[in-house]
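# Structure assessment
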There are 2 protein chains.
Amino acid sequence: MASRGHCLELDAADPLAHLKCEFALPQGVIYLDGNSLGARPRAALARAQEVIGHEWGQDLICSWNKAGWFDMPKRLGDRLAPLIGARPGEVVVTDTTSLNLFKALAGALRMQAEGPGGHRRVIVTERSNFPTDIYIAQGLSEWMDRGYTLRLVDSVDELPAAVDEQCAVLMLTHVNYRTGYQHDMAALTRHAHDNGALAVWDLAHSAGALPVDLHGAQADFAVGCTYKYLNGGPGSPAFIWVPQRHQARFTQPVTGWWGHAAPFAMSPGFEPVEGIGRAMCGTQPVVSLAMVECGLDVFEKTDMQSVRAKSLALTDLFIELVESRCTGHPLQLVTPRDHARRGSQVSFTHPHGYAVMQALIARGVIGDYREPHIMRFGFTPLYTSFADVWDAVEILKDILDRRDYDINAARSAVT
Amino acid sequence: MASRGHCLELDAADPLAHLKCEFALPQGVIYLDGNSLGARPRAALARAQEVIGHEWGQDLICSWNKAGWFDMPKRLGDRLAPLIGARPGEVVVTDTTSLNLFKALAGALRMQAEGPGGHRRVIVTERSNFPTDIYIAQGLSEWMDRGYTLRLVDSVDELPAAVDEQCAVLMLTHVNYRTGYQHDMAALTRHAHDNGALAVWDLAHSAGALPVDLHGAQADFAVGCTYKYLNGGPGSPAFIWVPQRHQARFTQPVTGWWGHAAPFAMSPGFEPVEGIGRAMCGTQPVVSLAMVECGLDVFEKTDMQSVRAKSLALTDLFIELVESRCTGHPLQLVTPRDHARRGSQVSFTHPHGYAVMQALIARGVIGDYREPHIMRFGFTPLYTSFADVWDAVEILKDILDRRDYDINAARSAVT
């Protein structure tokens, strides 16, 4: 039977426990929202001072070369690559996840259009995919030169049949933002390929959360986020992966100078640079970009297998404790119990989920809320302890037992 | 006759002189490259500490609401608006100049396609426009649903005739990055309208450099940069302006969740928000974005008329001194002498322009070089003094007189 003492024992034996001190976490807070905005690496403040004070303030324009600002998108991409099963020269950190998806999806559709799949005009995804992914596909479908249709599938079971002879691209988010459901990337990619489609993956809730093996799965394109599990800072630039085997044929519509073969030749004709650089467009936000490195530094002190082992232990414990200690309350688990299908978050529905989450936040347990009725708890093994899980559940139990939440709580924008 | 003493007198009488102390400039450097990367406002370091240390580190996810991160693109846009003759609710600071041009140009083309200009299929611009603007138009033309052609004009004189009955959009950069030539925005916009075209303006070298009156010129769309004359920091997010009269009809292809009417309703259909918000796409780099405010704060302590008066005095003085003190050297002014046609930079060609610029930089006079043969000097009235101009010319004279430059200097990437 679990107890706080048992959780403290688990912490004492946790090989990742020492990494918590790499992060600046506020006193009295149990932060279970790293799936929305990762915590701040301690090193980020000094790095910002260096970039702003010295590189910008002292070296000014010279820092583009001298401080390596130009190379940062590729250098950070190379450092991120091992976390997602990518190789050097295949990833750049740039722009936003939405924009990178626009490029990846456009590139995939163009590859189909120019090959034997030229007749295919359908993009398949889930209705429950993160909305911006759907919106980006809608915008691209509407504006692109050949006219595409978006096919929204209502359940995972319906996905295979939806990938038919009309399907050009299967576009999925690996781990669902709301439920924490993890797709079988290898199987679905194989199914897409077997049926003549390409597979584009959004790793927003995967990168840094669990081991991803893009090459092992033979995925075609991927994008993802650095401000969640990678702890890159608020709104830090996203990433895009194009495997070496697709790079020569990869083109995309936002052809800015950063994707040009010779950006400073200032020639009036666009010619894409060889390699992953062609996924770039304009000048990147250097200060925000530099913070990404501080997040990646922490991952060098461990490996994704260790992170995953602890993530599953944390989420198993959270599920077990909620179900054993909050009995009699209308909580429903929506995250899969099956490890292979679970990301690094746990979601429960409650009829007053929004109000309960507000009460939790007021008590220092920071998760978040997603329509409809879903309380979402993210577990980030680099800085979440087993005792944190115990304490969070005890506070949840107390709030529920005492009905200490305001069902008329005003809604504010949430992330 | 000019002398250093006279320049010091000009500085003593300069109503903007006190603003220099708002910036952290390195000792022994005369910085004439603010047209590429603006200097660092002193306040930026403390602001970064607040954003990273407190807002991210302490308040974490709550800062999206509590610290106003969500509203920052619009709030900064409203603060920037008066500098370019825009109104509140018409500007957002977001993404990159290249991406914003993609959106503005796409929006303009779609407006034409849906109106009486539906047959128009040509985008007109200058061959000498900043390359990324041309590349973006090329990418958009190639990928968009209706097929557009880009018409590159070789001289300003040829522009009017190029705006013919096939022309959908006249797309120009207000001040040329290489020559410093300033277009007559009002006249060219009127000419575009008289001929059924829309006018899209890139203000990269105008915003913060000189007074811009977008409404006075009846411009249709505009984009620009915050890391040059606005001193927002390396790669700080760019801006896009859509006048209120066009907003209801404005749509663009990168339809991410930040442009949605209800981003947190998580509905699977894109519906653009009313107003300028529909020009946004994904989550913005908060730390880099926050720095933009420090740059804008300085502009609140003066007005663009005062900035322009000093800019013209500085550029007049630089031209006069180079021409009077560097006699006998093959320097050729390419920037217009006519005030109405001049931006806030001065460019001279020299057969060994690259080598001379490297020698200047080695002596602490930081300008930059642009192909072919162009030495570019930016004058930023907020932190450039008349004595700086004198000293820069004396060093240039010394380098030229003594031929103290290496014509075999290795080239490195320059911005």
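Worth saying up front: this structure is predicted, and the values here are computed from it rather than measured.

### Thoughts on the interface of chain B and chain A
Listed as interface residues are 86 residues of chain B and, on the opposing side, 86 residues of chain A. Carbon and sulfur atoms make up 71% of the area that chain B and chain A hide from each other, which totals about 7,400 Å². If you sort the residues of chain B by the area they bury against chain A, B:Trp56, B:Tyr135 and B:Trp143 come out on top, with a joint share of 13%. The tally of links between chain B and chain A comes to 2 salt bridges. Its salt-bridge partner being A:Arg110, residue B:Glu142 comes within 2.8 Å of it at the nearest N-O pair. Between chain B and chain A we count 25 residue pairs in polar contact (both at pLDDT 80 or more) in total. Contributions of two or more residues to the side of chain B that touches chain A are made by β3 (40–41), α2 (43–56), α3 (63–66), α5 (97–113), α6 (131–143) and α10 (286–299) of chain B. Here the element with the most residues in the side of chain B that touches chain A is α6(B); it accounts for 10 residues.

### Some points on the pattern of salt bridges
Residues and elements named next belong to chain A. Following the criterion strictly, the structure yields 49 salt bridges over all chains and no others. Residue Arg 47 pairs with Glu 55 through a salt bridge whose shortest N-O separation is 3.3 Å. Of the two residues, Arg 47 and Glu 55, neither departs from the other in class, the shared state being buried. Close ionic contact of Asp 220 with Arg 245 constitutes a salt bridge, the shortest N to O distance being 3.1 Å. Taken together, the residues Asp 220 in the loop between β8 (198–202) and β9 (221–224) and Arg 245 in helix α9 (residues 244–247) connect sequence positions 25 residues apart.

### Overview of the sheet that holds strand β5 (residues 122–126) of chain B
Within a sheet, each strand pairs with its neighbour through backbone hydrogen bonds, oriented either parallel or antiparallel. Residue and element names in this part refer to chain B. Taken in spatial order, the 7 strands make up an open sheet running β4-β10-β9-β8-β7-β5-β6, and their pairing is mixed. The two strands at the open ends of the sheet, each matched to only one other strand, are β4 (91–93) and β6 (149–153). Here the average twist between neighbouring strands, direction ignored, is 20°. Summarising the sheet, strand β7 (residues 167–173) and strand β8 (residues 198–202) pair through 5 bridges and their orientation is parallel. Its bridge partner being in β8, Thr 173 is matched across the sheet by Asp 202.

### Describing the UniProt feature "binding site: pyridoxal 5'-phosphate" (unreviewed entry) in chain A
All names here are of chain A. The UniProt record marks Thr 97, Ser 98, Phe 130, Pro 131, Thr 132, Asp 133, Thr 173, Asp 202, His 205, Tyr 227, Trp 257 and Thr 283 with the feature "binding site: pyridoxal 5'-phosphate" (unreviewed entry), using the residue numbering of this structure. The largest pairwise C-alpha distance within this set of annotated residues, which runs over 187 residues, is 30.3 Å, so the set is dispersed in three dimensions. In this structure, Asp 133 sits in helix α6 (residues 131–143). The class for Thr 173 is buried, based on a relative accessible area of 6%. Apart from residues lying up to four places away in sequence, Thr 173 is in contact with Asn 129, Asp 133, His 183, Trp 201 and Asp 202. A polar contact is formed between the side chain of Thr 173 and the side chain of Asp 133, at a distance of 3.2 Å.

### Describing the environment of B:Met291
By the secondary structure assignment, B:Met291 is in helix α10. Classification of B:Met291 by relative accessible area gives buried; the value is 1%. A sequence separation of 16 residues divides B:Met291 from B:Gly275, and the C-alpha atoms of the two residues are 25 Å apart. Beyond its immediate chain neighbours, meaning those up to four positions away, B:Met291 contacts A:Ile52, B:Ala44, B:Arg47, B:Ala48 and B:Gly232.

About the criteria used
One numbering rule holds for all chains: residues counted from 1, following each sequence as written. Both sets of labels track the order of writing: A upward for chains, 1 upward for ligands. In keeping with the predicted nature of the model, local features appear solely for residues at pLDDT of at least 70, side-chain atom pairs appear and are counted solely at 80 or more, and the whole-chain, interface and lining totals rest on all residues. Computation of side-chain values: all heavy atoms of the structure, hydrogens and water removed. We call two residues in contact when some of their heavy atoms are within 4.5 Å. Two parts placed together each lose some accessible area under a 1.4 Å probe, and the buried area is that loss summed for both. Any Lys or Arg side-chain nitrogen located within 4 Å of an Asp or Glu carboxyl oxygen qualifies as a salt bridge. Polar contacts here mean pairs of N or O atoms no more than 3.5 Å apart (in protein, one a potential hydrogen donor and the other a potential acceptor; neighbouring residues in sequence count only if both atoms are side-chain atoms). The helix count covers DSSP runs of H or I at least four residues long, the strand count covers runs of E at least two residues long, and both are numbered beginning at the N terminus. Only protein chains enter the area calculation, which uses a 1.4 Å probe; residues under 20% of their type maximum are buried, those over 50% are exposed, and those in between are partly exposed. Only strands that DSSP links by at least two bridges are regarded as paired with each other. Lines fitted to the C-alpha atoms define the axes, with helices restricted to the stretch that makes contact. Angles between their N-to-C directions range from 0 to 180 degrees. UniProt positions are given in the numbering used here, feature names are shortened, and annotations may be inferred rather than shown by experiment.

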